[in-house]
Structures are given as structure tokens and as C-alpha cells.
Amino acid sequence: MKKLVILTGAGISAESGISTFRDAGGLWEKYPVQQVASHDGWLADPELVNRFYNERRRQLFDVKPNRAHELVARLERHFDVAVVTQNVDNLHERAGSTRVVHLHGELMKVTSSRNPDDPDCIETLTRDNFEVQPGQRAKDGSLLRPYIVFFQEAVPMIETAAMLASQADIFVIIGTSLNVYPAAGLVHYVRPGTPIYLIDPNEVDAHMPGVNYIRKKASDGMEELTRLLLGKPEDNE
Ligand code: APR
């Protein structure tokens, strides 16, 4: 099977009702990103940061995967698919995707603030227990924090993602402004001559020539891409 790598961003979850970051009315217009999503912000006010992510987790229970997530999952019937997402929601998994690399962490997980990547300290929250309380501790006694890669922090999964991009036979980009590195740089690991598709209703600079733009929102764009890749509209069963 051909290897299909799909890089996704907030735009693929927009039609599920989760706001993007940099569109009009986006998250970073409402919250000061330095305060709620950076390492310095965590050090300055961990309770504010945990409250912000408690609220984002709460929203997750009111939304569900949209048609774009479903069509991405269905491509696993025809391709060896790896999803590399910048999103911290779990909508790809809930739509049925079985191989999802989260570059920026996962909203439903929390961890140690001393060693965030210590597997013994990573805990998965549930619908019945999704809020971190002020002063709550991780297993190593440090303050419990979101399992999220804050700005200023390393992106542990970037090597895995770069390896996947370098092996892709087809590379697809959906719903990301490609503003944030190192994620935005993944397109440069794609072998020359590999077809690249970019689905976004707005203009995006893919930082490289020869990209096949599908100027549509994610669900319509995935319908079109499915037709292009399979030569037929995805059956609606
Ligand atoms: N369908 C597809 N794309 C859409 C839709 C839609 N319905 N609506 C908006 N978009 C596009 C926008 O045009 C934009 O290109 O989604 C993109 C969203 O870009 P951003 O808001 O910058 O989100 P993203 O690229 O995922 O941000 C990257 O920045 O703040 C950090 O860690 C955070 O993972 C995030 C990273």
C-alpha cells in the first residue's frame, strides 16, 4: 500500500465547532497565548494555565468528529495512513484513525511538570474527571500540568513526524496556517516529486512550489481529495 501522510491543524476541527487559533475570533484573540500556552506562562501562573486547559477539555465533550475526520480515517482502507496532527483534540481517534502522531500533545492527558515526558507520570483524564485542581500533584510530586507542548518547549515527536514525511508517497496538508515550527517545516522532508495536496479555504503559503491546492473547507476538500486519490466519490455507507 502507498504511504499517505496527512498533516493536520486546527482547521480540520473547525467544522466540529472547535475554534482555530489565528482566524478571526480565534483562540489567540481571546486568550494571551504567552500566558496560557508558553513555558514562561506556566511558570508564572500554573493555575491560570490549568484553568484554560480545563475549559478546553470541557468543550471537547460537546463536539464530535466531522466528515473530514471520517474521510481521513476511511483512507486507511486504501493507504498506509499516518496522521501527524498539531491538534490536541482526540477527534481523529474518535473518527477511527488508528495511527495519529500528536506533535503538540493531547488535551485529555496530564503529566509531571518536572519531567513531562516521564511515561510513569502521564495520566489520561476522563469525562468524569477532566479538571486539574489547584495544587494537584503528579505521581513524582511535582505540580500536575497539561500534556501539551507549550511554546518555548521542545517537540519530542518531530523526529517521528519527519521520518514519516520522508517516507510518504503522498503528502496531504489540511487546515493549518503553517505558521508554527517545527511542524510547518515537515513539508521539506517530503521527497522531491512526491505529490502534495493542501486543503484550506484560505490562502496558505506552503513554503514550497508545486503544491496542489484544494481551496475548500476540510470536509468538502476531503471529498474532492478522496475522488482524486480513489477515482470515485467515497461511498456513503
Ligand atoms: N477547513 C479547513 N481549514 C480551515 C477551516 C475549515 N473549515 N477553517 C479555517 N481553516 C484554516 C485557516 O485558513 C488556517 O489556515 O485552518 C488554518 C488554521 O490555522 P491556525 O489557526 O494557525 O491553526 P494551526 O495552523 O493548527 O496552528 C498551529 O499553533 O498555537 C499553536 O499549538 C497551536 O497547534 C497549534 C499551532
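Residues numbered from 1 in each chain as written. Predicted model: local features only at pLDDT ≥ 70, side-chain atom pairs only at ≥ 80, totals over all residues. Heavy atoms only, no water.

K.L.:
Describe the site of the ligand, and please don't skip the residues or the numbers.
P.N.:
Lining the immediate environment of the ligand, one finds 23 residues, of which Arg 22, Thr 176, Ser 177, Asp 200 and Asn 202 sit closest. Gly 175 places a main-chain nitrogen or oxygen 3.3 Å from an oxygen atom of the ligand. In this structure, a nitrogen atom belonging to the ligand sits 2.9 Å away from a main-chain N or O atom of Ala 218. In isolation the ligand has 730 Å² of accessible area, and contact with the protein removes 92% of it. (Near = heavy atom within 4 Å. Polar contact = N/O pair within 3.5 Å; in protein donor to acceptor, adjacent residues only side chain to side chain. Areas by Shrake-Rupley, 256 points an atom, 1.4 Å probe, with all protein chains shown as cover.)

K.L.:
Kindly report on the domain arrangement of the protein, identifying the contributing residues and their values.
P.N.:
Many descriptions give the size of an interface as the accessible area lost when the pieces come together. Under the domain assignment, the protein is made up of domain 1 (1-18 + 66-104 + 155-237) and domain 2 (19-62 + 111-148). Relative placement of domain 1 and domain 2: their C-alpha centres are 25 Å apart. Contacts between the two partners involve 15 residues from domain 1 and, on the opposite side, 10 residues from domain 2. Approximately 900 Å² of surface area, both sides summed, lies buried where domain 1 meets domain 2, with 61% of it carried by carbon and sulfur atoms. When the buried surface of domain 1 facing domain 2 is broken down by residue, Ala 10, Ile 18 and Val 88 rank first, second and third, together holding 44% of it. (Domains from an automatic or database assignment. Contact = heavy atoms within 4.5 Å. Buried area = accessible area lost by both parts, 1.4 Å probe.)

K.L.:
So what's going on with the sheet that holds strand E8 (residues 196-199)? Which residues, and what values?
P.N.:
The strand order E3-E2-E1-E7-E8-E9 describes an open sheet built from six strands, whose pairing is parallel. Either end of the sheet is taken by a strand with one partner, and the two such strands are strand E3 (100-102) and strand E9 (212-214). Strand-to-strand twist of the sheet, defined as the mean angle between neighbouring strand axes without regard to direction, takes the value 20°. Pairing between strand E1 (residues 3-8) and strand E2 (residues 80-85): six bridges, direction parallel. Note that in E2 the partner of Leu 4 across the bridge is Val 81. (Pairing = 2+ DSSP bridges. Helix = DSSP H or I, 4+ residues; strand = E, 2+ residues; numbered from the N terminus. Axes fitted to C-alpha atoms, helices over the stretch in contact; angles between N-to-C directions.)

K.L.:
Describe the pattern of salt bridges, with residues and values.
P.N.:
Under the counting rule described, the total for this entry stands at 12 salt bridges. The shortest N-O distance in the salt bridge between Lys 3 and Asp 80 comes to 3.3 Å. One end of the pair, Lys 3, is in strand E1; the other, Asp 80, is in strand E2, and 77 residues separate them in sequence. A relative accessible area of 27% means that Asp 80 is categorised as partly exposed. Connected through salt bridges with shared partners, the residues Lys 3, Asp 80 and Arg 99 form a single ionic network. (Salt bridge = Lys/Arg side-chain N within 4 Å of Asp/Glu carboxyl O. Buried < 20%, exposed > 50% of the residue type's maximum accessible area, 1.4 Å probe, protein only.)

K.L.:
Please give an account of the pairing of strand E6 (residues 144-148) that cites residues and values.
P.N.:
Among the five residues of E6, four are classified as buried, and the element is accordingly described as predominantly covered. Two elements, strand E4 (residues 105-112) and E6, share four bridges in a ladder whose sense is antiparallel. The residue of E6 that forms the bridge with Ser 112 is Leu 144.

K.L.:
Which residues make up the nonpolar core, and what values go with them?
P.N.:
Judged by nonpolar contacts, the single largest core of 27 residues is most densely connected at Val 84, Leu 103, Phe 171, Leu 178 and Leu 186. Not counting the four nearest positions on each side in its chain, Val 84 is found in contact with Val 5, Ile 6, Leu 7, Thr 8, Val 101, Leu 103, Ala 161, Leu 164 and Leu 186. (Core = buried A, V, L, I, M, F, W, Y, C linked by side-chain atoms within 4.5 Å.)

K.L.:
Outline the sheet that holds strand E5 (residues 123-124), listing residues and values.
P.N.:
The strand order across the open sheet built from three strands is E5-E4-E6, with neighbouring strands paired in antiparallel fashion. A single partner strand is all that each edge strand has here, and the edge strands are E5 and E6. Along the sheet, helix H5 (residues 46-60) makes contact with E4 and E6, crossing E4 at roughly 140°.

K.L.:
Break down the packing of aromatic side chains for me, citing the residues and quoting the values.
P.N.:
The tally for this structure, following the rule as stated, stands at seven aromatic pairs. Consider the rings of Phe 61 and Phe 130, whose centres lie 5.1 Å apart with planes at 70°: the pair is edge-to-face. Residue Phe 61 is located in the loop between H5 and helix H6 (67-74), and its partner Phe 130 is located in the loop between E5 and E6; the two are separated by 69 residues in the primary sequence. Residue class for Phe 130 comes out buried when judged on its relative accessible area of 13%. (Phe/Tyr/Trp six-rings, centres within 6.5 Å; stacked < 30°, edge-to-face > 60°.)

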